[in-house]
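# A closer look at the structure
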Amino acid sequence: MTKNISLTRYLVEQQRSEGHIPSQLRLLLEVVARACKSISQAVNKGDLGEVMGSAESENIQGEMQKKLDIIANEVLIEANEWGGHLAAMASEEMEGIYVVPNRYPQGEYLLLFDPLDGSSNIEVNVSIGTIFSVLLKPEGAGVSEQDFLQAGAKQVAAGYCVYGPQTTLVLTVGDGVAMFTLDREQGSFILTKENIKVPEDTIEFAINMSNMRHWDAPVKRYVDECLQGTDGPRAKDFNMRWIASMVGDVHRILTRGGVFMYPWDKREPNKPGKLRLMYEANPMSWLIEQAGGAATNGKERILDIAPSKLHERVSVILGSKNEVERITRYHHEA
Ligand code: AHG
Ligand code: MN
Ligand code: MN
């Protein structure tokens, strides 16, 4: 990549020629990118900063919070509350929505995020990230939690930033998927890949195998067939990866294909799954679809699910189209 197109220039050009990005949305995406740069700095400090370890508190989902979960959440809120582009924010780490305070102008967008994805990987120095999703606030005065409960198909922008060996921002505004690498000397995100395509076929799957005994029959069937390799009905050998950071797994799939599953399982039968629809499944599903892949909960397209609550969980199967269609078919056949 020699053209040295910054995120700013990419967004301006998208706004000018493609008409995808109104100026308020452009500002929003720039601000989110700036917040991600700042989170990347904090992550990079590791044991040299006050950023590692547990915060000794629980979030609304009953999960222990790490210091970085809270730091990342604060960075995103502070960066986004004053610009006039947002009406409110919602986060995996906050119980209710965060309405932009009265002292700032209110904009027409809603921002949702998983401030720090892959918290269990912080101390072990494995890739983690920030996932975000942008919706338009429905018309009408004020803003409420109800305004956020829109299907993923309504997103106007979505993306994530992965803090790994490189810091990479991945974005869609509904016109394909672009990747930007953080140039630390320049302090800006530079376009490094465009028109990302997820191969339709793959021989790589990602699932936490330790949950195997709790899975539903269609998931068991699919993984069993993969494991049988050349001796089984698929007649080819499969490879397996599980990073335990969805951002890392999705980034691999956008880079070279594959299928990712965090399905419903019998451990907590009343929960539809582990991952969160609004902060994880929706933005990642849209990115994957924009790159030619597919995303379902086993039965239906994730982006078509009408959310009933902010912290709703969902079963997730996404990645290379033909594999996702196969797993979805196994669910319908069961
Ligand atoms: P978070 O750190 O935001 O809570 O998300 C972790 C998620 C996801 O990133 C990952 O795919 C999955 O949880 C890992 O779960 P297991 O530890 O059950 O494998
Ligand atoms: Mn997460
Ligand atoms: Mn998180």
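Residues numbered from 1 in each chain as written. Chains lettered and ligands numbered in written order. Predicted model: local features only at pLDDT ≥ 70, side-chain atom pairs only at ≥ 80, totals over all residues. Heavy atoms only, no water.

### Points about the overall build of the chain
Put simply, the rule reads: By the criteria applied, helices consist of DSSP H or I runs no shorter than four residues and strands consist of E runs no shorter than two, each listed in order from the N terminus. Only protein chains enter the accessibility calculation, which uses a 1.4 Å probe; a residue whose area is less than 20% of its type maximum is buried, one above 50% is exposed, and one in between is partly exposed. Any two residues whose heavy atoms approach within 4.5 Å at even a single point are treated as in contact. Charge convention: Lys and Arg are scored as positive, Asp and Glu as negative, and His as well as the terminal groups of each chain are ignored. Taken as the charge centre is NZ of Lys, CZ of Arg, CG of Asp or CD of Glu, depending on the residue.
Check the secondary structure of the chain and you find seven helices and 17 strands. Its C-alpha atoms put the chain at 65 × 45 × 45 Å along the principal axes. Taking all 334 residues of the chain together, 56% fall into the buried category. Sequence separation of 24 or more characterises 63% of the internal contacts of the chain that already satisfy a separation of 6 or more. Positive and negative side-chain charges in the chain, numbering 35 and 45 respectively, have mean positions lying 3 Å apart.

### Let's talk about the coordination of the manganese ion (ligand 3)
For a metal bound by four donors in a tetrahedral arrangement, the ideal donor-metal-donor angle is 109.5 degrees, while six donors in an octahedral arrangement ideally sit at 90 or 180 degrees. Where we set the bar: For Na, K and Ca the donor cut-off is 3.2 Å, while for other metals it is 2.8 Å, and in both cases only N, O and S atoms qualify; water is not among them, so sites may look incomplete.
On the protein side, the manganese ion (ligand 3) has E92 (OE), D114 (OD) and L116 (O) as donor atoms, found 2.2 to 2.3 Å from it. Each donor residue of the manganese ion (ligand 3) belongs to the same chain, and together they define the spacing E-x21-D-x1-L. In this structure the manganese ion (ligand 2) is found 3.7 Å away from the manganese ion (ligand 3), and D114 serves as a bridging donor for the pair. With E92 in the loop between β3 (86–91) and β4 (98–99) and D114 in strand β5 (residues 109–117), the pair connects residues that are 22 residues apart, well separated along the chain.

### Focus on helix α7 (residues 321–333)
Note the threshold: Expected helix span is given by 1.5 Å per residue-to-residue step, counting one fewer step than there are residues. In this description, one arc is meant: the one made by directions from the helix axis to the C-beta atoms.
The terminal C-alpha atoms of α7 lie 18 Å apart, and with 13 residues this matches the ideal 18 Å at 1.5 Å per residue to within 8%. Looking only at α7, the buried set comprises E323, V324, I327, T328, Y330 and H331. Around the axis of α7, the buried residues are gathered within 150 degrees of arc, so they sit on the same side. The elements touched by buried residues of α7 are α4 (217–227), β13 (259–262), β15 (294–296) and β17 (316–319).

### Quick word on the domain arrangement of the chain
Filter applied, for reference: As annotated, the domain borders come from an automatic or database domain assignment. Two parts placed together each lose some accessible area under a 1.4 Å probe, and adding up what both lose gives the buried area. We count a salt bridge whenever a side-chain nitrogen from Lys or Arg sits within 4 Å of a carboxyl oxygen from Asp or Glu. Two N or O atoms form a polar contact when they lie within 3.5 Å of each other; inside protein one atom must be a possible hydrogen donor and the other a possible acceptor, and for residues adjacent in sequence the pair counts only when both atoms belong to side chains. Polarity classes work like this: nonpolar for Ala, Val, Leu, Ile, Met, Phe, Trp, Tyr, Cys and Pro, charged for Asp, Glu, Lys and Arg, and polar for all others, with Gly in that last group.
When its domains are assigned, the chain resolves into domain 1 (7–193) and domain 2 (204–333). Here the C-alpha centre of domain 2 lies 24 Å away from the C-alpha centre of domain 1. Facing 50 residues of domain 1, the contacting portion of domain 2 comprises 30 residues. With both sides pooled, the region where domain 1 packs onto domain 2 buries about 2900 Å², and carbon together with sulfur makes up 64% of that total. Where domain 1 packs against domain 2, one counts two salt bridges. Linking domain 1 with domain 2 are 17 residue pairs in polar contact (both at pLDDT 80 or more), by the criterion used here. Considered class by class, the residues forming the side of domain 1 that touches domain 2 number 25 nonpolar, 18 polar and seven charged.

### Regarding the coordination of the manganese ion (ligand 2)
Looking at the manganese ion (ligand 2), the protein donor atoms are D114 (OD), D117 (OD) and E280 (OE), and they sit 1.9 to 2.1 Å from it. Going along the chain, you hit the donors of the manganese ion (ligand 2) in the pattern D-x2-D-x162-E.

### Focus on the nonpolar core
Rules: Among the buried residues, those of types Ala, Val, Leu, Ile, Met, Phe, Trp, Tyr and Cys that are joined through side-chain atoms within 4.5 Å form a nonpolar core.
Counting 47 residues, the largest nonpolar core has L28, L29, L111, L169 and F180 as its most contacted members. Among the elements that make up this core, the one with the highest residue count is helix α2 (residues 23–45) (eleven residues). Every residue in contact with L29, bar those within four places of it in the chain, is listed here: L11, F132, A157, L171 and V173. By size, the runner-up hydrophobic cluster in this structure holds 40 residues, among which are L254, F260, L277 and M278.

### A closer look at the pattern of salt bridges
Applying the stated criterion to the full structure yields 17 salt bridges. For R256, the salt bridge is made with E204, and the minimal N-O distance between the two is 2.9 Å. Remark: E204 occurs in strand β11 (residues 204–206) and R256 occurs in helix α5 (residues 246–256); sequence separation between them is 52 residues. The class for R256 is partly exposed, based on a relative accessible area of 45%. If you follow the salt bridges from partner to partner, you end up with E63, E92, R276 and E280 in one network.

### Brief notes about the environment of I253
As for its placement among the helices and strands, I253 is situated in helix α5. If near-sequence neighbours (up to four positions away) are discounted, I253 is found in contact with V198, G258, V259, F260, I288, L318 and G319.

### Considering the site of ligand 1
For the record, the criterion: When we say a residue is near a molecule or strand, we mean one of its heavy atoms is within 4 Å of it.
Near ligand 1, the surroundings consist of 17 residues, among which D117, G118, N208, M246 and Y262 are the closest. Between an oxygen atom of ligand 1 and a main-chain N or O atom of G118, the distance comes to 2.8 Å. With respect to ligand 1, the backbone of M246 contributes an N or O atom lying 2.7 Å from an oxygen atom. Those elements that provide at least two residues to the shell around ligand 1 are β5, β13 and β14 (275–276). The class makeup of the residues in the shell around ligand 1 is seven nonpolar, four polar and six charged. When we break the shell around ligand 1 down by domain, the ones giving at least three residues each are domain 1 (7–193) and domain 2 (204–333).

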